[in-house]
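Observations on the three-dimensional arrangement
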Amino acid sequence: NAGVTQTPKFRILKIGQSMTLQCTQDMNHNYMYWYRQDPGMGLKLIYYSVGAGITDKGEVPNGYNVSRSTTEDFPLRLELAAPSQTSVYFCASSIVNSGANVLTFGAGSRLTVL
Amino acid sequence: ELKVEQNPLFLSMQEGKNYTIYCNYSTTSDRLYWYRQDPGKSLESLFVLLSNGAVKQEGRLMASLDTKARLSTLHITAAVHDLSATYFCAVHPRNSGNTPLVFGKGTRLSVIA
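What comes next is a walk through the structure. Bear in mind the structure is a predicted one, so any value in this text is a computation, not a measurement.

What counts, and where the lines are drawn
Residues numbered from 1 in each chain as written. Chains lettered and ligands numbered in written order. Predicted model: local features only at pLDDT ≥ 70, side-chain atom pairs only at ≥ 80, totals over all residues. Heavy atoms only, no water. Pairing = 2+ DSSP bridges. Helix = DSSP H or I, 4+ residues; strand = E, 2+ residues; numbered from the N terminus. Axes fitted to C-alpha atoms, helices over the stretch in contact; angles between N-to-C directions. 1 Å grid on protein atoms, 1.4 Å probe; cavity = no way out; pocket = protein on both sides within 12 Å on 5 of 7 lines; lining within 4 Å. Points joined across faces, edges and corners; volume = space filled by probe spheres on them. Nonpolar A, V, L, I, M, F, W, Y, C, P; charged D, E, K, R; others polar. Contact = heavy atoms within 4.5 Å. Buried area = accessible area lost by both parts, 1.4 Å probe. Salt bridge = Lys/Arg side-chain N within 4 Å of Asp/Glu carboxyl O. Polar contact = N/O pair within 3.5 Å; in protein donor to acceptor, adjacent residues only side chain to side chain. Buried < 20%, exposed > 50% of the residue type's maximum accessible area, 1.4 Å probe, protein only. Phe/Tyr/Trp six-rings, centres within 6.5 Å; stacked < 30°, edge-to-face > 60°. Disulfide = S-S within 2.5 Å.

Regarding the sheet that holds strand E3 (residues 19–25) of chain B
All names here are of chain B.
- Strand order across the open sheet formed by five strands is E1-E3-E8-E7-E6, with antiparallel pairing between neighbours. Two strands in the sheet have a free side with no partner beyond their single neighbour: strand E1 (4–7) and strand E6 (55–58). Across the sheet, the mean angle separating the axes of adjacent strands is 15° when strand polarity is ignored.
- Taken together, the four bridges between E1 and E3 define a ladder with antiparallel strand orientation. Residue pairing across strands places Gln6 opposite Cys23, the latter belonging to E3.

Written out as structure tokens, the structure reads:
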């Protein structure tokens, strides 16, 4: 099993450009998440999904959009990139099992906006 | 709004020493998670604590949960260099496994000879 796969691993964008971070999981998990990690700030939730066709905002959704058309894929779209979106982005997936909801994370995507 | 506070945020400790990392949270919850992140890498699950008084141990790490105090501890025994990493605790905003986790800022541990 590949687990959670994110692409690209690194990307440099110019201000105002748009791009999509791809995330796919092969574990048949119903929950999927996008977090961003800024130095010294832990992880902040951008968007999450509890199943195909259902998405919801997290703590820091502004400037981002998501879709969940299949169980496997949960792409994150950045519209009109800004320097404040320079960060490391982690996609994760999970399934609730015996009350525990343990996240499996992707390797991360490092985005720089100049 | 749920707050998850870890301390210390930075910890430099000598090999062979013991130390404890603390995780306080502001909501009623009986489940708490610890993750480890190596530099430049992703996060990996360390421990899942699902009830008051829960204790889990793996190697030199032991985690415990006191839901009444809203406190979890991660105790390091006889630290070795391989334990150098950032450790995060995480809690669900409501006492439900269906709500997304809120993470603390992390404790960056550096074990030196």
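Read on, since the account is not over.
What about the layout of surface pockets?
- The space that makes up the largest pocket amounts to roughly 670 Å³.
- Taken together, 30 residues line the largest pocket, and the ones lying closest to its centre are A:Gln37, A:Arg110, B:Gln37, B:Pro39 and B:Gly40.
- Sorting the residues of the lining of the largest pocket by element identifies strand E9 (87–94) and strand E13 (109–113) of chain A together with strand E9 (85–91) and strand E11 (107–112) of chain B as the ones contributing at least two each.
- Across the lining of the largest pocket, the residue classes break down as twelve nonpolar, eleven polar and seven charged.
- If you add up the space inside the second largest pocket, you get close to 520 Å³.
- Around the second largest pocket, the lining is made up of 22 residues, and of these A:Glu59, B:Glu1, B:Leu2, B:Val102 and B:Phe103 lie nearest the centre.
- If you list the elements that add at least two residues to the lining of the second largest pocket, you get strand E5 (43–51) of chain A together with E1 and strand E10 (102–103) of chain B.
- Looking at the lining of the second largest pocket, its residues break down into twelve nonpolar, three polar and seven charged.

A closer look at the interface of chain B and chain A
- Contacts between the two partners involve 20 residues from chain B and, on the opposite side, 22 residues from chain A.
- Note on chain B versus chain A: buried area summed over both sides is about 1600 Å², and carbon and sulfur give 58% of it.
- Considering only the surface of chain B that becomes buried against chain A, B:Pro100, B:Phe103 and B:Lys105 emerge as the three largest contributors, covering 28% of it.
- Applying the counting rule to chain B against chain A returns zero salt bridges.
- Taken together, the links from chain B to chain A amount to six residue pairs in polar contact (both at pLDDT 80 or more).
- The class makeup of the residues in the side of chain B that touches chain A is nine nonpolar, seven polar and four charged.

Describing the pattern of salt bridges
All names here are of chain B.
- Considering all chains together, one arrives at five salt bridges over all chains under this definition.
- Close ionic contact of Asp30 with Arg31 constitutes a salt bridge, the shortest N to O distance being 3.4 Å.
- The exposure class assigned to Asp30 is partly exposed, which follows from its relative accessible area of 26%.
- Note on Arg31: relative accessible area 15%, which makes it buried.
- The closest approach of N and O atoms between Arg36 and Asp38, which form a salt bridge, is 2.8 Å.
- Since its relative accessible area comes to 27%, Asp38 is described here as partly exposed.

Describing the packing of aromatic side chains
- Applying the stated criterion across every chain, the model contains ten aromatic pairs over all chains.
- Arranged with centres 5.6 Å apart and planes meeting at 50°, the rings of B:Tyr35 and B:Phe103 form a pair that is tilted. A residue pair is termed long-range when its members are at least 10 positions apart, and B:Tyr35 in strand E4 (residues 32–37) and B:Phe103 in strand E10 qualify at 68 residues.
- Take B:Tyr35: its relative accessible area is 0%, and that puts it in the buried class.
- Ring pairs connect the aromatic residues A:Tyr31, A:Tyr33, A:Tyr35, A:Phe90, A:Phe105, B:Tyr35, B:Phe88 and B:Phe103, which therefore count as one cluster.

Quick word on the state of the cysteines
- Going through the model one piece at a time under the given rule, you end up with two disulfides over all chains.
- Note on cysteine connectivity: A:Cys23 is disulfide-linked to A:Cys91, with sulfurs 1.9 Å apart. Taking the sign of the S-S torsion, -75° for the link of A:Cys23 and A:Cys91, the bridge is left-handed. Within this pair, whereas A:Cys23 is found in strand E3 (residues 19–25), its partner A:Cys91 is found in strand E9, the two being separated by 68 residues in sequence. A:Cys91 carries the same exposure label as A:Cys23, and that label is buried.
- Note on cysteine connectivity: B:Cys23 is disulfide-linked to B:Cys89, with sulfurs 2.0 Å apart. Where B:Cys23 bonds to B:Cys89 through sulfur, the torsion about that S-S bond is close to 80°, and the disulfide is right-handed. Within this pair, whereas B:Cys23 is found in strand E3, its partner B:Cys89 is found in strand E9, the two being separated by 66 residues in sequence. As far as the burial class goes, B:Cys23 and B:Cys89 line up, both buried.

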